[in-house]
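Structural overview
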Amino acid sequence: LRHRTGSSGVTNGFSPSSTRPQLTALHAEAFGSNAGPSRDRGPASERFVSSAVGDMASSNKPMEIGTVGALTLSVASSVSIVIVNKYLISTLGYRYVTFLTALHMLVTVGALRVAARSGWLEPKSIDRGALLRFSILNGVSIGFLNLSLGFNSVGFYQMTKLAIIPCTVAIQTMFYAKQFSARVKGSLAVLLGGVAVATVTDLELNTIGSMMSICAVVTTCVSQIWTNTMQKTYGVSSTQLLHAASPYMALTLGFISVPLDGFLVGGSPLYYEYSAPVVFVAALTCAIAVAVNFSTFLVIGKCDAVTYQVLGHLKTMLVLMFGFVALNNPVAGKNILGIAIALAGMVAYGVAENADKKAAEQKGGGSVLPVTGNSSANGGAR
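Residues numbered from 1 in each chain as written. Predicted model: local features only at pLDDT ≥ 70, side-chain atom pairs only at ≥ 80, totals over all residues. Heavy atoms only, no water.

Looking only at helices and strands, one finds 13 helices and zero strands in the protein. Element order for the protein, N to C, with α for helix and β for strand: α-α-α-α-α-α-α-α-α-α-α-α-α. In the structure as shown, the protein presents an accessible area of about 14,200 Å², 67% of it carried by carbon and sulfur atoms. (Helix = DSSP H or I, 4+ residues; strand = E, 2+ residues; numbered from the N terminus. Areas by Shrake-Rupley, 256 points an atom, 1.4 Å probe, with all protein chains shown as cover.)

Okay, here's the thing in structure tokens:
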């Protein structure tokens, strides 16, 4: 979902000059980063992961795991789905990415219903109006991310993804009274600079594409912030929130996917001739997507939207490195330099976040950044 992948990085081998053929392939990598597409839409070294741990507390509720487990699951599932999506789109030629995202969410709905009936999770009611707003915003953000990729060059689209972190920081500072220290902001700047060096190519601008990008950034930021605040507001776990919201999210994505994919790539997923390999690989992505969607809500609930975006950029770097090592994608010196800078920024972010948390605890206050203190399943502020 992040597809929220999310959340994800640029895959070498796609020419920026041919916008139509590449937009869905690149967008599939967004599954890893944003829930939905960081879509293009999702994750640091062991040092970063360990520094994000507040107290390794696990919830007493079933299906709740600790912060390290959540981060690990998010990285592993998101990188896996990016690789499988890339095969489905680039090799098998299936390009209806938004429709595939809707199928991912639909399978997640079914899986969570089975889990609830089996007693693995306890459903909890949430205000329907809030759920509708939250679900529609998530679906709309995926649509805007796809449109941003469709109307912009690949390089500008990557810059759009990079803008999500500073926008999230700004929104949380202005509207949620959250404080970010200078060292945290500095580490984020290093991270974003490294990702830009590693992934950004051209920066062709146009009015419609810029508007789509602005809408994509704002809706993605707000939807991810709401993922965290709704868990606290209604005292629900990440699994309970996903259980309640996923049917509305699936409906929203189903409603927009057919016309949007038809506009972006032509044809219709409803009339596509599905071969056995396409069905098999698509089903595999749906299975992995359950873990992606679950871990997305879990990470944002236990940490926050900024940490989730940092994790998403780790996924980008891992996907790039996978392409260089396993797929023999061409690698340039700036790619290696950018990856190194980005990883250094992630480590610095983890260290700064942990230091701020300890300083806040010593002063008897709350954490500057919402690293897990009490399980989000309890709905308490960290």
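With that settled, consider the packing of helix H10 (residues 238-265) against helix H11 (residues 276-302). Interhelical geometry of H10 versus H11 gives an angle of 125° and a closest axis separation of 9 Å. The angle between the axes of H10 and H11 places the two elements in the oblique class. Between H10 and H11 lies a crossing whose hand is right-handed. Between H10 and H11, the contacting residues are Ser238, Thr239, Leu241, Leu242 and Met249 on the first element and Asn293, Phe294, Phe297 and Leu298 on the second. Classifying every residue of the contact of H10 with H11 gives six nonpolar, three polar and no charged. (Axes fitted to C-alpha atoms, helices over the stretch in contact; angles between N-to-C directions. Parallel < 35°, antiparallel > 145°, perpendicular 65-115°, else oblique. Left-handed = near helix turned anticlockwise from the far one by under 90°. Contact = heavy atoms within 4.5 Å. Nonpolar A, V, L, I, M, F, W, Y, C, P; charged D, E, K, R; others polar.)

The next subject is the nonpolar core. Among the nonpolar cores identified, the biggest contains 55 residues, and Leu188, Leu191, Leu241 and Met317 are the most heavily contacted of them. Setting aside chain neighbours within four positions, we find Leu191 in contact with Ile165, Val310, His313, Ala342, Gly345 and Met346. One finds Ile81, Leu88, Phe99 and Val278 within the second-largest nonpolar core, a separate group that totals 13 residues. (Core = buried A, V, L, I, M, F, W, Y, C linked by side-chain atoms within 4.5 Å. Buried < 20%, exposed > 50% of the residue type's maximum accessible area, 1.4 Å probe, protein only.)

Scanning the entire structure with this criterion turns up seven aromatic pairs. Ring geometry for Tyr94 versus Tyr272: centroids 5.0 Å apart, planes at 85°, classification edge-to-face. Of this pair, Tyr94 sits in the loop between helix H3 (67-91) and helix H4 (97-117) while Tyr272 sits in the loop between H10 and H11, and the two are 178 residues apart along the sequence. Using a relative accessible area of 2% as the deciding quantity, one classes Tyr94 as buried. On the accessibility criterion, Tyr272 (23% relative accessible area) is partly exposed. (Phe/Tyr/Trp six-rings, centres within 6.5 Å; stacked < 30°, edge-to-face > 60°.)

With a phi angle near 55°, Ala177 is a residue other than glycine that sits in the positive phi range. Within the secondary structure, Ala177 is located in the loop between helix H7 (164-175) and helix H8 (182-199).

Bringing helix H9 (residues 207-233) into the picture now. Given a rise of 1.5 Å per residue, 27 residues ought to cover 39 Å, and the 38 Å separating the end C-alpha atoms of H9 matches this to within 8%. For H9, the principal kink sits at Thr227 and spans about 25°. Phi turns positive one or two residues past the end of H9, at Gly235, with a value near 60°. (Expected span 1.5 Å × (residues − 1). Bend = angle between axes of the 7 residues up to and from the residue.)

Another aspect to go through is the side chain of Ser77. Tracing the sequence through the fold places Ser77 in helix H3. Within the structure, the side chain of Ser77 is placed 2.7 Å from the backbone oxygen of Leu73, a separation counted as a polar contact. In this structure, Ser77 is in contact with Ile288, Ala291, Val292 and Ser295, ignoring residues within four places of it in sequence. (Polar contact = N/O pair within 3.5 Å; in protein donor to acceptor, adjacent residues only side chain to side chain.)

For the structure shown, the criterion picks out one salt bridge. Arg183 is paired through a salt bridge with Asp356; the nearest N and O atoms lie 2.6 Å apart. Placement of Arg183 in helix H8 and of Asp356 in helix H13 (residues 333-362) is noted, with a sequence separation of 173 residues between them. Residue classification places Asp356 among the buried positions, given a relative accessible area of 5%. (Salt bridge = Lys/Arg side-chain N within 4 Å of Asp/Glu carboxyl O.)

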